[in-house]
Structures are given as C-alpha cells and as structure tokens.
Amino acid sequence: MPTRGAIRRRRSRLRVTLSVVLVVVGMLVVFGGGWWYMNHGTHMATSHVAQSSRALQSKKVSQTRRKVHPAARGAAKVSQSQAATPIPSVVGIGFRIMPILFNGEDIDAAMDAGRAPQNSVHDGGRLGYFKTASTARISGVPGYFYVHSEPYSIDKQFIHLNGWNIPYKVVDGQLVTPTWSAKDPDGNVITWRLTVDDTAVDEVETHAPQSSASSSGGVDQLNLTSAQLEHWVRAVIKQGSQGYEADDYSFEQHFRNGYAEIEEYTASSGKRELMATYRVNGQGELEVKDDNTNQQWTVVSQTYF
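Attention here is on the structure that accompanies the text. Predicted model, so just to flag it, every value in this text is computed and none were measured. (Residues numbered from 1 in each chain as written. Predicted model: local features only at pLDDT ≥ 70, side-chain atom pairs only at ≥ 80, totals over all residues. Heavy atoms only, no water.)

## Remarks on the pattern of salt bridges
Phase 1 of the analysis: Under the counting rule described, the total for this entry stands at seven salt bridges.
Phase 2 of the analysis: With a closest N to O distance of 3.0 Å, Glu205 and Arg137 form a salt bridge. Residue Glu205 is located in helix α5 (residues 200-206), and its partner Arg137 is located in strand β4 (residues 135-139); the two are separated by 68 residues in the primary sequence.
Phase 3 of the analysis: Using a relative accessible area of 6% as the deciding quantity, one classes Arg137 as buried.
Phase 4 of the analysis: We note a salt bridge from Glu287 to Arg279, for which the minimum N-O separation is 2.8 Å. (Salt bridge = Lys/Arg side-chain N within 4 Å of Asp/Glu carboxyl O. Helix = DSSP H or I, 4+ residues; strand = E, 2+ residues; numbered from the N terminus. Buried < 20%, exposed > 50% of the residue type's maximum accessible area, 1.4 Å probe, protein only.)

Here it is in structure tokens:
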C-alpha cells in the first residue's frame with residue numbers, strides 16, 4: 001500500500017504534466033491562430049477595407065451629382081419665373097399720355113409762371129392705342145391731330161415707345177403704369193403719366209385722314225411714322241444742300257394745330273439753333289414754314305422719297 005509520501009509525489013508529477021500539456025496547447029492555439037490570420041484574416045480585412053472605400057466613393061459621387069452650382073440654381077429660378085410671368089399682350093389697349101411735371105414742378109404751375117412753354121400740355125399730350133404687337137397708332141390729345149403709326153416693343157419691365165422706357169405692371173389683369181421721366185432736347189426733365197383710355201381707339205381712327213392718292217412706293221403719306229417723317233425732311237434738306245452731313249442735323253417733333261410738325265436744328269458754335277419747321281398737310285404734302293412774319297406754309301415736296 002503506497003505511503004502518503006508516494007501519493008504526494010504522484011500528485012505533484014501529475015500537476016506538472018498537466019501544466020506542461022496546457023502550456024503546449026496554449027502555444028499551439030496562439031501560433032495556429034497567428035498563422036491562420038496571416039493567411040486568411042489579412043485578405044478579409046483588405047477586402048472589407050476595399051468594400052468600405054468603394055462605398056464611400058460611391059456616396060461622394062452620388063452627393064456630387066446631387067449638388068447644383070449656385071449659378072445653375074439661379075438660372076433655373078429665372079427660367080421658372082419667366083415661364084410663370086409671360087410678357088402680356090397690350091394689343092387693343094387705348095391710352096392717354098400726358099406731361100405732369102416740369103423739372104419736378106407741377107406743369108400747369110410752371111406754364112403759368114413762364115418756366116415751361118405755354119403749349120407743353122396741349123402739344124405734348126398723346127392719344128393712341130396699341131394696334132398690333134409692334135405698332136401703335138398715335139395722335140395728339142385733341143382727336144383731330146395728325147394720326148400716324150409708331151413702332152413699339154414690350155418686355156417684362158418696360159413698354160418702349162417714342163424713345164421712352166415706360167414702366168408697367170399688370171394688376172388683376174389690368175395694365176398699370178407708374179410715372180416716368182425723360183429729358184427734352186433742352187435738358188428739361190419732363191415727368192409723364194400713361195393712363196388707359198377706352199375711348200382712344202375710336203377717337204384716333206375717327207379723326208384719322210383717309211388714304212387716297214397721297215402715297216408713294218407703298219408709303220402712306222397721310223399716315224407716316226415719326227421715322228418716315230424725319231427721313232422725308234432729311235431727303236429734302238440733302239437734295240437742296242451741298243456737303244450734307246447727317247450728324248449736323250437733329251430733329252424734334254410736336255403736335256400743333258392739328259398737324260405733326262418737325263423742327264430742324266443745327267449746332268453752330270456749340271449752340272443749338274432752330275433752322276426750319278416742317279409738317280405734312282391734309283393732302284399728304286410736305287410743307288415748310290416761311291421765315292417771314294406771315295408764317296405761311298409752302299409745299300416743298302409732294303411725293304415721299
């Protein structure tokens with residue numbers, strides 16, 4: 001029967017053996033795990049990193065595609081705004097244009113005080129209507145004044161007529177025009193107002209002269225545009241002068257006594273000087289006002305050229 005000492009020695013050897021076995025197993029696990037990671041784990045980590053990188057790049061590309069340059073955003077807004085607010089048609093609308101201020105002063109008060117020409121309102125007023133998308137029919141405020149056609153254009157802010165840029169807006173389907181200012185040839189600032197006038201169409205056309213034989217080359221001499229009237233006067237001046245230079249002449253048109261008159265100016269020593277006044281009479285002939293005290297009119301051309 002083993003003694004107690006022998007039993008203790010067996011137990012001691014068993015513990016040593018078990019410890020050695022555990023150490024060896026632990027080493028095998030550590031070295032085996034390291035070897036497996038070297039051969040498989042690195043590949044998996046690399047694959048995961050690559051997948052993450054591709055996902056990140058895809059997200060950036062997607063975000064880049066969704067981004068819009070500020071200028072492009074603005075252009076889109078402008079386009080949408082333009083589509084939402086088309087340029088209105090003013091065809092068929094009658095109007096009355098009147099001067100209301102002379103250099104910032106009420107024009108009637110300025111005329112009474114002699115600071116504005118006495119005929120400013122009478123000769124400056126316009127009565128007319130937009131006949132087509134590009135042509136207006138214009139007369140003086142008294143309906144018997146010379147009736148003629150003038151070109152115009154319209155954009156989203158202004159009606160361009162007679163050298164004016166007339167601001168406008170449409171409120172509840174109605175044309176509304178604020179006042180605007182422009183300088184006359186002498187540098188005075190005239191403030192104007194356009195109001196819608198439902199009677200203008202009938203008034204203008206009722207008093208318009210009827211076309212007859214007074215026409216030349218398809219031009220109706222009783223219904224000239226302001227540009228045609230100036231062209232006719234220039235042609236007459238050029239015909240009767242030597243060394244004609246277009247830049248030496250300037251013109252100003254007015255309604256007076258039922259006719260459209262055009263004044264011829266030249267610049268002498270830096271001073272603007274009135275040289276002559278022309279008009280088209282009731283027969284469609286071009287006349288010039290005599291310089292004598294009788295102020296009579298003389299026909300200078302019967303046919304437009």
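## Looking at the packing of aromatic side chains
Phase 1 of the analysis: Throughout the structure, instances matching the rule amount to six aromatic pairs.
Phase 2 of the analysis: Pairing Phe95 with Phe130 gives two aromatic rings, centres 4.8 Å apart and planes at 40 degrees, and the pair type is tilted. With Phe95 in strand β1 (residues 94-102) and Phe130 in strand β3 (residues 126-130), the pair connects residues that are 35 residues apart, well separated along the chain. Accessibility assignment for this pair places Phe95 and Phe130 in one class, buried.
Phase 3 of the analysis: Between the aromatic rings of Phe130 and Tyr152, the centroid separation amounts to 4.7 Å while the plane-to-plane angle is 55 degrees, which identifies the pairing as tilted. Here Phe130, found in strand β3, pairs with Tyr152, found in strand β5 (residues 148-154); they are 22 residues apart in sequence, far enough to count as distant. (Phe/Tyr/Trp six-rings, centres within 6.5 Å; stacked < 30°, edge-to-face > 60°.)

## Structural notes on the side chain of Ser301
Phase 1 of the analysis: Inspection of the secondary structure puts Ser301 in strand β18 (residues 297-301).
Phase 2 of the analysis: Beyond its immediate chain neighbours, meaning those up to four positions away, Ser301 contacts Trp232, Val236, Glu285 and Leu286. (Contact = heavy atoms within 4.5 Å.)

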